[in-house]
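Fold and geometry: a report
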Amino acid sequence: MTGTPFVNMHPWDQVPLLDRDGAHRDPESIAAAWGDERSRVLLVDRSSRFGIAPFGIPTQGEYDEHTAYLGRVDGTCWFARRVDELPTGRMIRDEPPDAANTQLVMAALAVLAWHESMTHCPVCGGTVRLASGGFSALCRECNREHFPRTDPAVIVGVLDDDDRLFLAHQTSWAQWRASVLAGFVEAGESAENALHREVSEEAGVRLSAVRYLGSQPWPFPRSLMLAFVARGYGGHEVDHAELQWGGWFTREEVEARTAEGTLVLPGIGSVAARIIDAWRIGRLPVPEENYWADIDAELVVRTGERF
Ligand SMILES: [Zn+2]
């Protein structure tokens, strides 16, 4: 079993615990926040590990534009800075912190990764300077303002008619590791369209019902995972390119194989683990109870038009 499911997912369903403080991102406000002795800096190394024990250290020295201002948690201002080495660093997969600190880590990883790719204007090639506490970049040549990008990805727990879950092993993963299916949304595509395309391409699975569950940032380097549950069939032949193997699992098979070590599921804190754990306790929502289908039918009846 993967420990206590759900606990680290809660922050993504609720009012944010991290206040991104959009009204105080001018240089004067940020300088004042930096100079406040209660303020803290979260250190992140080049392997996306974050500092722990302590989680954040006091601000010191001069503020520089590559130090991101993340916002406030319970009135405390939090910054993030990249460092080369972090002796006590942890990965979010290994040691998810509490809800507020998880939001700080995800914001820090996302914005610091963006800084490393955002050195030149993508429009004119001019150099940029960071602004808004590191959450925007202004081109010195054409004055365009750029913002951190987020790449949407879909992840789906596919159930068959017997309530078995489709688990698959990616070619690049360690032996026995498996998870639910996932893939990136392409340009001009809806998340639902991407879902049908990805599971068909990779696993030969066709979907008869799809239902949205929620989202979670996954800044490795900049994904937003959009989670779904779906009903599917097929899946007898994976592509053998991205996926090495995949298939339908009963709960009993999952329990037996995780116990003997021939199936390794995602660690807590990931949306994949949340989907799998919900299925293991029989609590994944029913894919067919997708309310839009009923509402769309009523809209057509009332307006006489399709959209
Ligand atoms: Zn430019």
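Given the structure is predicted, the values throughout are model-derived calculations rather than measurements.

The mixed open sheet is built from four strands, whose spatial order is S2-S1-S4-S3. With one partner strand each, in any of the chains shown, strand S2 (57-58) and strand S3 (68-73) form the two edges of the open sheet. Note: strand S1 (residues 40-44) against S2, two bridges, orientation antiparallel. Bridge assignment links Val41 to a residue of S2, and that residue is Ile57. Relative to strand S4 (residues 76-82), helix H1 (residues 27-35) is tilted by about 95°, and along the sheet it contacts S1, S3 and S4.

Quick look at the domain arrangement of the protein now. In many reports, interface size means the accessible area that the parts give up when they come together. You can read the domains of the protein as domain 1 (22-114) and domain 2 (151-291). When each unit is reduced to the centre of its C-alpha atoms, the spacing between domain 1 and domain 2 is 32 Å. Residue-level contacts link nine residues of domain 1 with seven residues of domain 2. Both faces considered, domain 1 and domain 2 share a buried interface measuring about 690 Å² in area, 76% of it formed by carbon and sulfur atoms. Across the contact surface, domain 1 and domain 2 share zero salt bridges. Linking domain 1 with domain 2 are zero residue pairs in polar contact (both at pLDDT 80 or more). Grouping the constituent residues of the side of domain 1 that touches domain 2 by class yields seven nonpolar, one polar and one charged.

This next bit is on the coordination of the zinc ion. Around the zinc ion, the donor atoms from the protein are Cys121 (SG), Cys124 (SG), Cys139 (SG) and Cys142 (SG), and they sit 2.3 to 2.4 Å away. One can describe the site at the zinc ion as tetrahedral: its four donor atoms subtend angles covering 96 to 114° at the metal. Ordering the donors of the zinc ion by residue number gives the pattern C-x2-C-x14-C-x2-C. Linking Cys124 in the loop between helix H2 (99-117) and strand S5 (128-131) with Cys142 in the loop between strand S6 (136-139) and strand S7 (145-146), this pair joins segments that are 18 residues apart in sequence. Exposure remark for Cys142: the relative accessible area of 27% places this residue in the partly exposed category.

What follows concerns the layout of surface pockets. By volume, the largest pocket is sized at about 860 Å³. As for the largest pocket, its lining consists of 39 residues, and the residues nearest its centre are Gln170, Trp173, Arg177, Trp218 and Met225. When residues of the lining of the largest pocket are assigned to their parent elements, the largest contribution, four residues, is made by strand S10 (residues 181-184). Per-class residue counts for the lining of the largest pocket are 22 nonpolar, 10 polar and seven charged. Taken domain by domain, the lining of the largest pocket gets at least three of its residues from each of domain 1 (22-114) and domain 2 (151-291). Within this model, the second largest pocket holds a volume of roughly 490 Å³. Residue lining of the second largest pocket: 26 residues in total, with Arg20, Met106, Ala110, Thr150 and Pro217 positioned closest to the centre. Contributions of two or more residues to the lining of the second largest pocket are made by H2, strand S11 (205-218) and strand S12 (223-234). A total of eight residues in the lining of the second largest pocket trace back to one element, the largest contributor, which is H2.

Procedures and definitions
- Residues numbered from 1 in each chain as written.
- Predicted model: local features only at pLDDT ≥ 70, side-chain atom pairs only at ≥ 80, totals over all residues.
- Heavy atoms only, no water.
- Pairing = 2+ DSSP bridges.
- Helix = DSSP H or I, 4+ residues; strand = E, 2+ residues; numbered from the N terminus.
- Contact = heavy atoms within 4.5 Å.
- Axes fitted to C-alpha atoms, helices over the stretch in contact; angles between N-to-C directions.
- Domains from an automatic or database assignment.
- Buried area = accessible area lost by both parts, 1.4 Å probe.
- Salt bridge = Lys/Arg side-chain N within 4 Å of Asp/Glu carboxyl O.
- Polar contact = N/O pair within 3.5 Å; in protein donor to acceptor, adjacent residues only side chain to side chain.
- Nonpolar A, V, L, I, M, F, W, Y, C, P; charged D, E, K, R; others polar.
- Donors = N, O, S within 2.8 Å, 3.2 Å for Na, K, Ca; no water.
- Tetrahedral: all angles 85-135°; square planar, octahedral: opposite > 155°, others 65-115°.
- Buried < 20%, exposed > 50% of the residue type's maximum accessible area, 1.4 Å probe, protein only.
- 1 Å grid on protein atoms, 1.4 Å probe; cavity = no way out; pocket = protein on both sides within 12 Å on 5 of 7 lines; lining within 4 Å.
- Points joined across faces, edges and corners; volume = space filled by probe spheres on them.

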